[in-house]
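Each chain, written out:
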Amino acid sequence: MKLDSDLQAIQEVRNYLQEAKAAQKLLEKMTQPQIDAIVSAMAEAAEQQAERLGAMAVKETGFGKVAHKKAKNLFVARDIYEAIKDMQTVGIIRKDNTKQVWEIAQPVGTIAAIIPSTNPTSTVLFKCLIALKARNAIVISPHPSALRCSHESAAVMRAAAERAGAPPGLIHCLSHPTLEASGELMRHKLTDLILATGGTAMVKAAYSSGKPAYGVGPGNVPVYIHRSANIPSAVNHILQSKTFDYGTICASEQALVVDEAIKPHFIQELQRRGAYFLNKHEKHKIASILMTTKGMNPQIVGQSPQAIAGKAGIDVPDSAQMLIAEETEVGHDYPFSMEKLCPVLALYTVNDWQEGCQRCIQLLSLGGLGHTLGIHAEDQAVIEAFGLEKPASRIVVNTGTTFGGIGATTGIFPSMTLGCGTFGNNITTDNIGPQHLLNIKRVAFGIKEMPVPEESVKTNPSQVASQVAEGLIKTNQLGITREEVAQIIRKVLTDMQLS
């Protein structure tokens, strides 16, 4: 009997999980050099296929630019690989000789990986790389609109891993990524951990599955430009960052918050570099297509400024690098204040850094709590104040938030999955890596004794009285009888509440 599509998708999940679990048990027995050789081969394959996979992603989803999709794939193959290649993930990974504690790494098992349509190849490459580095198997649930390119990315990783000696069946990608299949994958007893990158609903589903989960929330990233900023440098970084892959990385800038004292110079520099400022009519037209009743309009995600303008029924110059609208309000009724994964920005004006601080918090609270914040300033006191007060896990200073947030231009751990902490209902504020996909056991030697006070013996007042009286009589220190001494002592002990 032929199964219907939903049952077929669910059965595929179960089959893949069984294969993955069996393969992971074999991988778990491999040595660190064997694991490192497998991961190296995977990174090399990702580098070789970076352009082809990037082109597939753009063709299938219609999002972004081929050159920038390639750059993201290379970021995984080079930067992330470089960060993890020497990481110890097998056996005893640390010894504290002073405290005499050994830390032993053990894989979590089988990982369910949810993949977004905005970064469908780089995220697959990344999650496969860190999963196998930590000796885990992985089953991938791609976004339906990016099925082919995600599937091919997983196939590249699987083939490279198996050529390098990995057991077959460690890496799978669903061919029927329905909601029912994703739900089965996240809830199944053979799934040990969920690594979810996607929309709010998907991340919430991951955390509601009953399984341990790393989920990442949306990034409504505000960027404050202080009067002490190097304006040409700030504009250069913002433009590079927001136009990269047409703004599809969730750490990209969403709103600029600028001090009024430098606003004219800042706008002039933006316009000189290709930013197009919308007039009132154009702003209204663009605002009408940014959102739908369900949230961000997928038709504008990863599109060029010209394509977005065309959908709104207006014309912008071919030279326009991004679209900017001045805004004064924050909220769901003001689309420019919300997350827009495309080269569209809001511009807010503030009097000083204190007002800028409050505006940034408003923007983060609207939909980006815990994600990323940018600041361009030379005043260290202001930078410190922003770092201390903002509910963001990454405070990116004097660089583009797209690149700074993922660790490409900052010293943050390089990653394609960025935790938002409890600010954003996530379990961690970290950039995710193999270290998050391990169970760490600890062997701890005894190095000191526990001070335990001796249990006091309950005193019998009559016995104490008799013993004291006997001693005094023997030494002839009192001219009274033994019984008289005992009575006096008993009375004293009774008064002291010992009887």
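In this report, we go over the structure that sits alongside the text. (Residues numbered from 1 in each chain as written. Predicted model: local features only at pLDDT ≥ 70, side-chain atom pairs only at ≥ 80, totals over all residues. Heavy atoms only, no water.)

### Some remarks on the packing of aromatic side chains
Here is the rule: Ring pairs shown here join Phe, Tyr and Trp side chains whose ring centres sit within 6.5 Å, with only the six-membered ring taken for Trp; geometry is labelled stacked below 30 degrees between planes, edge-to-face above 60, and tilted in between. Both a distance and an angle decide whether a charge sits over a ring: NZ of Lys or CZ of Arg must be within 6 Å of the ring centre and within 35 degrees of the ring normal.
The full count for this structure, using the stated rule, is four aromatic pairs. An aromatic cluster is built from Tyr224, Trp353 and Phe386, whose rings are joined through pairwise contacts. Seen from the ring of tryptophan 102, lysine 95 lies directly overhead, with NZ or CZ sitting 4.5 Å from the centre. Of note, lysine 390 hangs over the ring of phenylalanine 386, and the distance from its end group to the ring centre comes to 3.8 Å.

### Regarding the environment of cysteine 342
The following threshold applies: Only DSSP runs of H or I covering at least 4 residues are called helices, and only runs of E covering at least 2 are called strands; the numbering of each starts at the N terminus. Contacts are assigned to residue pairs that have any heavy atoms within 4.5 Å of one another.
Looking at the element boundaries, cysteine 342 is found in the loop between β13 (322-326) and β14 (344-350). Through-space distance from the C-alpha of cysteine 342 to that of phenylalanine 63 is 9.2 Å; in sequence the pair is 279 residues apart. The contacts of cysteine 342, once residues within four sequence positions are left out, are Lys242, Tyr246, Gly247, Ile300, Gly302, Gln303 and Ile308.

### Comments concerning the sheet that holds strand β7 (residues 213-216)
The criterion, for reference: Here, strands pair whenever DSSP counts at least two bridges between them. Where helices are involved, their axes are fitted lines through C-alpha atoms of the stretch in contact, as for all axes, and angles between N-to-C directions lie from 0 to 180°.
With respect to topology, five strands assemble into an open sheet ordered β5-β4-β3-β6-β7, the strand pairing being parallel. The open sheet has two free edges, formed respectively by β5 (171-173) and β7, since each of these has just one partner strand. Each strand axis lies, on average, 15° off the axis of its neighbour in the sheet, ignoring direction. Those strands touched by helix α1 (residues 5-27) are β3 (110-114), β4 (137-141) and β5, and its axis lies near 155° from that of β4.

### Some words on the sheet that holds strand β2 (residues 101-107)
Pairing within the open sheet is antiparallel, and its three strands lie in the order β1-β2-β17. Looking at the sheet topology across the chains shown, the edges are occupied by β1 (91-96) and β17 (438-444). Here the average twist between neighbouring strands, direction ignored, is 25°. Relative to β17, β2 runs antiparallel, the two sharing seven bridges. By the bridge assignment, alanine 105 is partnered in β17 with isoleucine 440.

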